[in-house]
Amino acid sequence: MVATNDELESLRLQIRSITSDIMQKVQQRMELARQVGEVKGRLGIDVRDEKVENEIRMMVTRQAQETDMSGEFALRLLNILLKESESIQGLKRPPAPQKMTHLGIFQKAKQMEASGIKIIHLEVGEPDYPAPAVAGSALVESFRQKKYHYTDTRGIPQLRSAIAKKSKVAEEQVIVTPGGRFAVFSAIASLVKPGEELISIEPAWPAYKECADFVGARTSVLRTTLEEGWTPDVKELGSMITECTRMIAINYPNNPTGKVLDKATMDKIMALAREHGLYLLSDEVYSDYSFRPFESALAYDYEKSIVVSSFSKTYAMTGFRVGYAVAPADIIKKMAKVQAAGITSVAEPIQNAALAALGEDPSGNVELMKKRLQFVSARIKEMSLRFVEPDGAMYVYPELPAGEDMAVVEKLLEKGVAIAPGSGFGDSYKRFVRISACRPKEEMEKGLAVMAKVLRQA
Ligand code: PLP
């Protein structure tokens, strides 16, 4: 059959008309969302209701099946609508109390310091011990040798090769990033599309959700509990996977709980990711601070895993802003596109400093952190707080005997001690606080004594 211009024009008119209908319906949906927001505000209930979301998801999946539409596309579209509804509903709520993360408290504490108030910093994950001296010499040497130019977006060959050797992978599987944080960002930005879903296991470092939000993706949260030793329920994790799920983000040793997964649970999570073809983002920036056997995602040789590491914690190089990711070469290429668009490359002198640090033995730092965590744990026990002793990382995450985190955090800050509110790691953790063991023992002792006193008076 010969196609004619009239035929094309007629089809285009129909598409225009349907698009206009869809837009009108979307507008009606948004108006309803606004009203729902008002009602929920009056009732004082949360904007997001996962049960209702799941019901509507099931309805859309059924409808897609009946009409032969791609279920994945239908759910992605629905997720965009749900996200928009959520923000519209949020607009109509009375302003919620500002949610504070550990970084928010850190900024506040810094301002107090600037006005002359002395602060004990137990809120931030920044080791106080010095970066390796060789990192400093490498910086100076870089300057002397005029090694301060743009580099390959994925990093200088010497550093990539050293990381590849350490991780037992090929150089093409490595990208050097400005901190582990940017590796997390470029992995999510390059692999997860608007409307798709990422599963995060809470309590969690907030960046996974923040990055997903940034790219217009949805975050589904698997909650873990103190009672269950912060072990994720893998069955529940499986039940959360939809056609839109693209990535599971895990972080062990965990910030904030210090949990290290046992191998059997890690095996199950990897098997689940494999079965559903999901990306597995394993944030392993604390892997050196692991006080029991730790199984890296690298050990599974999975073609969709991205392992994030950093020089910040192991070598106390937070301000250098250098980390890296290890993943199959095709994923690294995608991440490199995000990095090229955003930063060109990590600063060459910083990469040379990282290369020098990589040759250093971090076991002294690790031993020190282990002792400090034991010390903090002992003090927390004396306060009779419920917690799980950390298997790794740099934090202790106890439950408060009563009340909510911000009341205690603010009272402590008034007295010159900064700790992190538990709710910064997930909405369900208002009863928790995070104490970072990154300061000298004497300082932590003072800070924890103030905390004990505040809790006794509460
Ligand atoms: N991942 C986790 C779990 C963290 O706690 C942090 C920092 O606190 C990072 C990644 C990022 O570290 P950086 O960007 O300094 O490498």
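Numbering of residues starts from 1 in each chain and follows the order in which that chain's sequence is written. Given that this is a predicted model, residues contribute local features only at a pLDDT of at least 70 and side-chain atom pairs are listed and counted only at 80 or more, while totals for whole chains, interfaces and linings are drawn from all residues. The basis for the side-chain values is all heavy atoms of the structure; hydrogens and waters are excluded.

Topic: the domain arrangement of the protein
- Domain boundaries assigned for the protein yield domain 1 (30-96), domain 2 (102-125 + 363-457) and domain 3 (133-358).
- These domain boundaries are the output of an automatic or database domain assignment. Here domain 1 and domain 3 have C-alpha centroids that lie 31 Å from each other.
- Across the boundary between the two partners, domain 1 contributes 14 residues, which contact 15 residues of domain 3.
- When two parts are put together, the accessible area they lose, computed with a 1.4 Å probe and summed over both, is reported as buried area. Taken together, the two surfaces of domain 1 and domain 3 that pack against each other cover about 1200 Å², and 44% of this comes from carbon and sulfur.
- We count a salt bridge whenever a side-chain nitrogen from Lys or Arg sits within 4 Å of a carboxyl oxygen from Asp or Glu. The closest approach of N and O atoms between E72 and R246, which form a salt bridge, is 2.9 Å.
- In protein, a polar contact means a hydrogen-donor-capable atom and an acceptor-capable atom, both N or O and within 3.5 Å, with residues adjacent in sequence counting only if both atoms are side-chain atoms; elsewhere, any N or O pair within 3.5 Å suffices. For the pair domain 1 and domain 3, the number of links is ten residue pairs in polar contact (both at pLDDT 80 or more). We call two residues in contact whenever any of their non-hydrogen atoms come within 4.5 Å of each other.

Thoughts on the sheet that holds strand β6 (residues 279-283)
- Strands sit in the order β2-β8-β7-β6-β5-β3-β4 across an open sheet of seven strands; the sheet is mixed. At either end of the open sheet lies a strand with only one pairing partner, and these are β2 (174-177) and β4 (218-223). Each strand axis lies, on average, 20° off the axis of its neighbour in the sheet, ignoring direction.
- Two strands qualify as a pair provided DSSP detects at least 2 bridges between them. Strands here mean DSSP runs of E at least two residues long; helices mean DSSP runs of H or I at least four residues long; both are numbered from the N terminus. Where β2 lies against strand β8 (residues 323-326), four bridges are found, and the strand directions are antiparallel. Within β8, the residue paired with V174 across the bridge is V326.
- Between the N-to-C directions of two axes lies an angle of 0 to 180 degrees, each axis being a line fitted to C-alpha atoms and, for a helix, fitted only over the stretch in contact. On the sheet, helix α3 (residues 71-91) packs against β3 (197-202), β4 and β5 (245-251) and is oriented at approximately 85° with respect to β4.

Thoughts on the packing of helix α14 (residues 405-414) against helix α15 (residues 441-457)
- Across the interface, α14 lies against α15 with an axial gap of 10 Å and an inter-helix angle of 125°. It follows from the interaxial angle that α14 and α15 lie oblique. Judged by the twist between their axes, the crossing of α14 over α15 is right-handed. Packed against α14, whose contacting residues are V408, K411 and L412, the element α15 presents V450, M451, V454 and L455 at the interface.
- In this count, Pro and Cys sit with the nonpolar residues alongside Ala, Val, Leu, Ile, Met, Phe, Trp and Tyr, while Asp, Glu, Lys and Arg are called charged and the others, Gly among them, polar. Here the contact of α14 with α15 is built from residues that sort into six nonpolar, no polar and one charged. When an angle is under 35 degrees it counts as roughly parallel; over 145 it counts as roughly antiparallel; between 65 and 115 it counts as roughly perpendicular; any other value is oblique. Here is the rule for handedness: rotate from the far helix to the near one, and if that takes an anticlockwise turn smaller than a right angle the crossing is left-handed, while a clockwise turn gives right-handed.

Focus on the environment of E303
- Assignment of secondary structure puts E303 in the loop between β6 and β7 (305-310).
- Taking the relative accessible area as the measure of exposure, E303 reaches 51% and is therefore exposed.
- If near-sequence neighbours (up to four positions away) are discounted, E303 is found in contact with R274, P328 and I331. The buried label applies to any residue whose accessible area, calculated with a 1.4 Å probe on protein chains only, is under 20% of its type's maximum; exposed applies above 50%, and partly exposed to all values in between.

Some thoughts on the nonpolar core
- Ranked by internal contacts, the top residues of the largest apolar core, which has 72 residues, are L281, I306, I380 and M451.
- Excluding its chain neighbours within four sequence positions, the residues that come into contact with M451 are I380, M383, L385, L412, I419, V433 and I435.
- Grouped together as the second largest cluster of nonpolar side chains are 22 residues, Y252, L272, Y300 and Y302 included. Nonpolar core, defined: a set of buried Ala, Val, Leu, Ile, Met, Phe, Trp, Tyr and Cys residues in which side-chain atoms within 4.5 Å join the residues together.

Describing the site of the ligand
- A cutoff of 4 Å decides nearness: a residue is near a molecule or strand if any of its heavy atoms lies inside that distance of it. What surrounds the ligand is a group of 14 residues, the closest being G180, D283, Y286, S310 and S312.
- Between the ligand and G180, the relevant distance is 2.6 Å, taken from an oxygen atom to a main-chain nitrogen or oxygen of the residue.
- One of the side-chain N or O atoms of D283 is found 2.6 Å from a nitrogen atom in the ligand.
- If one sorts the elements of the shell around the ligand by residue count, helix α7 (residues 179-191) sits on top with three residues.
- Looking at the shell around the ligand, its residues break down into four nonpolar, six polar and four charged.

Some points on the side chain of T153
- With respect to the helices and strands, T153 occurs in the loop between α5 (133-144) and α6 (157-167).
- Take T153: its relative accessible area is 18%, and that puts it in the buried class.
- Of the polar contacts made by the side chain of T153, one reaches the backbone oxygen of T344; its length is 2.9 Å.
- Among residues more than four places away in sequence, those in contact with T153 are I175, V176, A336, Q339, A340, T344 and S345.

Things to note about the layout of surface pockets
- Here a cavity is any set of points on a 1 Å grid over the protein atoms alone where a 1.4 Å probe fits but cannot get out, and a pocket is any open set with protein on both sides within 12 Å along at least 5 of 7 lines; a residue lines the site when it has an atom within 4 Å of a point. Grid points are joined across faces, edges and corners, and a volume is the space filled by probe spheres set on the points. Considered as a void within the structure, the second largest pocket measures approximately 590 Å³ in volume.
- Among the elements of the structure, α1 (5-43), α2 (50-67) and α3 are those that each provide at least two residues to the lining of the second largest pocket.
- Class assignment for the residues of the lining of the second largest pocket results in 13 nonpolar, two polar and three charged.

A look at the packing of α5 against helix α12 (residues 348-358)
- Where α5 contacts α12, the axes come no closer than 8 Å and their chain directions differ by 145°. Crossing angle aside, the handedness with which α5 passes α12 is right-handed. Along the contact surface, α5 presents V134, A135, A138, L139 and S142, while α12 presents E348, P349, I350, N352, A353, A356 and A357.
- Among the residues making up the contact of α5 with α12, the classes are represented as nine nonpolar, two polar and one charged.

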